[in-house]
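# Examination of the molecular architecture
Here's the letter readout for the chains.
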Amino acid sequence: MNADDGALIAVIADEDTVTGFLLAGVGHVDERQRSNYVIVSDKTSEGEIAEAFKDFTTREDIAVVLITQVVADRVRYLLDAHTAAIPSVLEIPDKENPYDPSKDSVLSRVQHLLGGES
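The notes below deal with the structure included here. These numbers were taken from a predicted model, which means no experiment stands behind them. (Residues numbered from 1 in each chain as written. Predicted model: local features only at pLDDT ≥ 70, side-chain atom pairs only at ≥ 80, totals over all residues. Heavy atoms only, no water.)

Backbone phi values are negative for most residues with the exception of glycine, while trans is the configuration of most peptide bonds. In the segment running from Ile-86 into Pro-87, the intervening peptide bond is cis, with an omega of 0°. Looking at the secondary structure, you find Pro-87 in the loop between helix 4 (76-81) and strand 4 (88-92). The phi dihedral of Gln-33 falls on the positive side, at around 65°, and the residue is not glycine. Take Gln-33: it is sitting in the loop between helix 1 (15-23) and strand 2 (37-39). Residue Gln-33 is classed as exposed on the basis of its relative accessible area, which comes to 63%. (Helix = DSSP H or I, 4+ residues; strand = E, 2+ residues; numbered from the N terminus. Buried < 20%, exposed > 50% of the residue type's maximum accessible area, 1.4 Å probe, protein only.)

As structure tokens, then:
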């Protein structure tokens with residue numbers, strides 16, 4: 001990645017959440033036809049979600065991965081194993097489910113580092 005290109009935000013979420021981010025200008029498709037978003041439905045397998053997460057967390061052009069908490073719960077083991085600072089992985093709520101801080105792996109790590117309960 002060229003330093004002048006900037007870095008991307010990736011989104012792994014339900015259709016409504018992804019659409020909102022696309023309307024905000026987050027969407028990108030590179031020269032190899034790789035997009036920076038994945039729409040997850042009830043029919044999306046855990047393997048497909050895991051593959052997208054692994055792809056986004058290893059791409060050099062991705063700086064932040066946004067994943068809805070409901071989707072993150074389906075591949076929690078991958079989020080717990082991700083320790084790199086970049087790309088940062090942030091769990092976000094979707095329109096159907098409120099944010100639950102007790103499930104957020106990043107927040108749990110921060111609380112642990114600060115001596116709080118995890």
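A word on the side chain of His-82. You can see His-82 is positioned in the loop between helix 4 and strand 4. Only 3.3 Å separates the side chain of His-82 from the backbone oxygen of Ala-84, close enough to count as a polar contact. (Polar contact = N/O pair within 3.5 Å; in protein donor to acceptor, adjacent residues only side chain to side chain.)

So, on to the pattern of salt bridges. Enumeration over the complete set of coordinates arrives at six salt bridges. In this structure, the salt-bridge partner of Arg-76 is Asp-73, at a minimum N-O distance of 2.6 Å. Residue Arg-76 is classed as buried on the basis of its relative accessible area of 16%. The partly exposed category is assigned to Asp-73, whose relative accessible area is 32%. With a closest N to O distance of 2.6 Å, Arg-76 and Glu-91 form a salt bridge. Note that Arg-76 is positioned in helix 4 and Glu-91 in strand 4, a separation of 15 residues in sequence. Since its relative accessible area comes to 7%, Glu-91 is described here as buried. (Salt bridge = Lys/Arg side-chain N within 4 Å of Asp/Glu carboxyl O.)

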